[in-house]
Amino acid sequence: MTRGSPRSRIRELRRQIRYHNDRYYRDDAPVIPDAEYDALFRELARLEEAHPELFDPDSPTQRVGAEPVESFGTVVRELPMLSLQNAFGEEELREFDARVRRHLESRGVAGGRGRKDPCAYTAEVKIDGLAVELTYEKGSFVRGATRGDGVRGEDVTANLKTIPDVPLAIPRNSSAGPVPEVLDVRGEIFMDRDDFAGLNRGRERLGEAAFANPRNAAAGSVRQLDPRVTASRRLRLWVYGIGRIDPGASVPPPFGPFLFATHRDVLDRLHAWGFPVNRGGTRGSLDIEGVIAFYQEVEAGKDSLPYEIDGIVVKVDELAVQRELGEVARSPRWAIAAKFSPDRAETTVEEIVVSVGRTGTITPVAILSPVTVRGVKVRRATLHNQDNVDAKDIRVGDRVVIQRAGDVIPEVVESLSAKRGAPGRGSPFRIPDRCPICGSAVTRAAGEAAHRCTGTDCVARRKESLRHFVSKNAMDIDGLGPKVLSALVDEGLVAEPADLYRLEREPLAGLDRLGAKSADNLVRAVERSRTPTLGRFLFALGIPHVGEHLSGVLARRFGTIGAIRAATPEELSAVHEVGPEVARSIRDYFESAEGRRTVDHLLENGTLAIRPEPPAEGVFAGKTFLFTGTLGLPRAKAKEIVRRGGGTVATAVSRRVDYLVAGENPGSKIAKAKEMGIRVISEREFLEGEFGGGA
Ligand code: IVH
């Protein structure tokens with residue numbers, strides 16, 4: 001079949017896909033089935049790949065990530081992104097206010113009678129994420145860069161395009177007024193606590209190093225050579241300011257056609273243009289006492305926010321006054337970051353041990369004299385890897401500072417002994433050359449931070465693999481806690497997953513930690529797990545980089561375990577979520593002697609009967625959802641999820657509604673819904689289907 005030149009076919013496909021996007025996202029009224037849409041999308045992606053000369057940054061394919069870039073380009077900016085000076089506590093906030101006033105008085109700017117106070121402040125919560133600048137030309141998103149050194153940032157455009165919160169265009173002809181020729185929008189990319197914890201759980205299950213905090217996770221996810229990795233992480237954006245704006249940058253306020261007299265005006269306009277502004281986390285028209293009250297209020301409530309914050313940012317509201325104040329040492333005089341005291345404590349390292357993960361990763365762990373950090377007793381802290389231990393020079397016997405941030409595993413921040421040059425310290429710690437569990441050689445691949453045990457038969461690895469295999473989201477075998485599993489392995493009853501299915505009641509009941517009743521329950525739980533869905537089975541194998549979500553995707557795409565085992569790297573890479581690294585990892589697993597043996601044994605003699613993966617559609621079938629408040633996801637995306645799951649979206653509270661999904665700052669719908677007995681669920685519950693209405 002001929003379809004004209006690639007150029008005209010690409011143009012036609014882009015036109016059609018944009019049309020269907022509008023029907024789907026804007027009008028809530030798709031006119032073709034999803035499968036047909038997907039086919040158009042795939043055809044376009046293939047053609048674009050074959051014809052790089054026809055690349056267009058505005059193509060609908062660019063929303064979801066492009067081919068990996070070789071390395072980041074550099075963006076040099078005219079208006080540097082400044083950093084902020086810090087204040088700790090109330091006193092230092094008062095000093096900031098006094099400095100601002102003194103400076104203004106010396107310049108003859110004073111709040112005379114009848115005039116507005118020149119130093120009214122706006123305060124915003126300070127999210128500890130990754131600062132980025134998004135550049136729009138004629139309303140189109142053309143470039144996104146990290147802050148870098150302020151002047152030179154890394155070009156991460158392709159990655160930022162995969163983040164749903166990043167608008168690809170500023171709508172024209174909207175009530176928000178004219179669109180600037182050039183606009184730089186500045187903000188923070190971050191990750192919600194739950195998503196961060198989920199990401200780390202997944203990484204640990206896969207034997208990958210956990211991210212130390214949400215900031216690192218967000219930064220690591222954006223500074224990725226493969227945009228598909230960025231796309232797979234749940235990143236969010238809040239914007240908090242602008243850089244260049246043209247026309248207008250050099251014109252004093254009012255800025256040409258843009259009537260910005262205050263920082264609040266800027267935020268309001270950004271919001272009207274469709275940028276995510278954290279309105280719930282912003283308070284305006286404050287004097288310094290109001291700022292301090294806000295600081296205390298936010299600190300008291302910070303643990304109940306869905307994201308981590310490390311302070312507030314206080315800004316002089318009037319732009320003319322900001323200009324008058326100017327900057328010093330690359331920080332503005334008109335703003336300050338008021339930080340909260342971190343969750344840190346001092347203690348002693350009693351011992352340094354190593355733990356061996358499922359894929360052999362060796363992680364050094366500090367055993368500490370117990371210390372309480374914000375109500376939680378901490379006995380162990382991760383040292384991450386050898387480089388980290390070396391850089392911080394952490395040794396047994398050292399006094400150290402440890403930090404616990406949110407749900408993150410506590411970590412050692414610094415060694416006070418190293419800093420003070422304490423005499424008579426122990427010798428530097430080295431990860432052993434041989435695995436302390438199995439004695440196999442320990443290696444470190446070039447370019448990797450982690451050391452790994454090379455023993456495929458390592459008992460520690462085997463135990464960790466089994467632990468993953470039986471875990472809730474994998475084969476879900478109840479009653480097989482780490483201790484019982486460990487005993488089973490030590491007693492020689494279980495060496496690989498298939499052995500679990502040969503367990504009999506008698507020897508089990510004889511085990512140290514197991515009574516007769518538990519043995520019965522365990523045998524029954526093992527029986528129940530004989531018919532996993534393909535996705536669960538795949539996930540349970542614990543292939544590096546293959547998490548729960550991807551397992552489901554692969555299961556639906558390939559249909560059978562045989563097809564997945566036989567898939568070539570090209571076939572695997574054709575799956576949207578699979579990059580070259582992931583494809584390689586899957587192939588390596590199925591080609592390895594260990595992987596082949598594990599799977600063969602699980603499949604032979606009908607040990608397991610794998611069920612096909614149920615379609616992703618249908619999880620919301622027959623249910624009606626209503627949304628209220630600010631969601632982390634764009635509304636259109638949330639609606640799309642419901643519709644793809646076979647559900648319906650309502651626009652008002654009525655008896656037809658089954659679930660009200662409440663975001664931040666919900667309105668009056670909640671009370672009304674509760675009155676009518678409608679279930680109110682959080683966005684998280686909605687996304688994870690954990691409300692009894694899911695699959
Ligand atoms: S204003 C000159 N506002 O904090 C103004 N920054 O410690 C500079 N941040 O680099 C930034 N929330 O990454 C501003 N509401 C907020 C912020 C914020 C988080 C980050 C930003 C900045 C860093 C400075």
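This text gives an overview of the structure that appears in the document. Counting of residues starts from 1 at the beginning of each chain's written sequence and follows it residue by residue. Totals for whole chains, interfaces and linings use all residues, but because this is a predicted model, local features are given only for residues with pLDDT of at least 70 and pairs of side-chain atoms are given and counted only at 80 or more. Note that the side-chain values use all heavy atoms of the structure and ignore hydrogens as well as water.

### Some remarks on the pattern of salt bridges
If charged atoms from side chains of opposite charge come close, those side chains can pair. Definition used for salt bridges: Asp or Glu carboxyl oxygen within 4 Å of a side-chain nitrogen of Lys or Arg. Applying the stated criterion across every chain, the model contains 39 salt bridges. In this structure, the salt-bridge partner of glutamate 133 is arginine 77, at a minimum N-O distance of 2.9 Å. Of this pair, glutamate 133 sits in strand β4 (residues 130-137) while arginine 77 sits in the loop between β1 (74-76) and β2 (86-88), and the two are 56 residues apart along the sequence. For the pair shown, glutamate 133 and arginine 77 are each scored as buried. A salt bridge links glutamate 527 to arginine 530, with the shortest nitrogen-to-oxygen separation between them at 3.1 Å. Put simply, Glu90, Glu91, Arg94 and Glu289 are held in one network by salt bridges that share partners. Strands here are runs of E lasting at least two residues and helices are runs of H or I lasting at least four, both read from the DSSP assignment and numbered beginning at the N terminus. For every residue, the accessible area (1.4 Å probe, protein chains only) is compared with the maximum for its type, and the residue is labelled buried under 20%, exposed over 50%, or partly exposed between those bounds.

### Looking at the sheet that holds strand β3 (residues 121-127)
DSSP calls a pair of strands paired once it identifies at least 2 bridges connecting them. Strands sit in the order β2-β13-β10-β3-β9 across an open sheet of five strands; the sheet is mixed. The sheet is open, and its two edges are formed by β2 and β9 (282-286), each paired on a single side. Across the sheet, the mean angle separating the axes of adjacent strands is 30° when strand polarity is ignored. Note that β3 and strand β10 (residues 309-316) share seven bridges and pair antiparallel. Under this scheme, a helix contributes an axis fitted over its contacting stretch, all axes are lines through C-alpha atoms, and angles between N-to-C directions fall in the 0 to 180 degree range.

### Notes on the pairing of strand β17 (residues 399-403)
Where burial is concerned, most of β17 is hidden: four out of the five residues are buried. Two strands pair when backbone bridges link them, and strand β14 (residues 344-356) and β17 are joined in this way by five bridges, in the antiparallel orientation. Each residue of the ladder has a partner; that of threonine 347, found in β17, is valine 400.

### Describing the side chain of threonine 361
Mapped onto the fold, threonine 361 is located in strand β15 (residues 361-373). For threonine 361, a relative accessible area of 9% gives the class buried.

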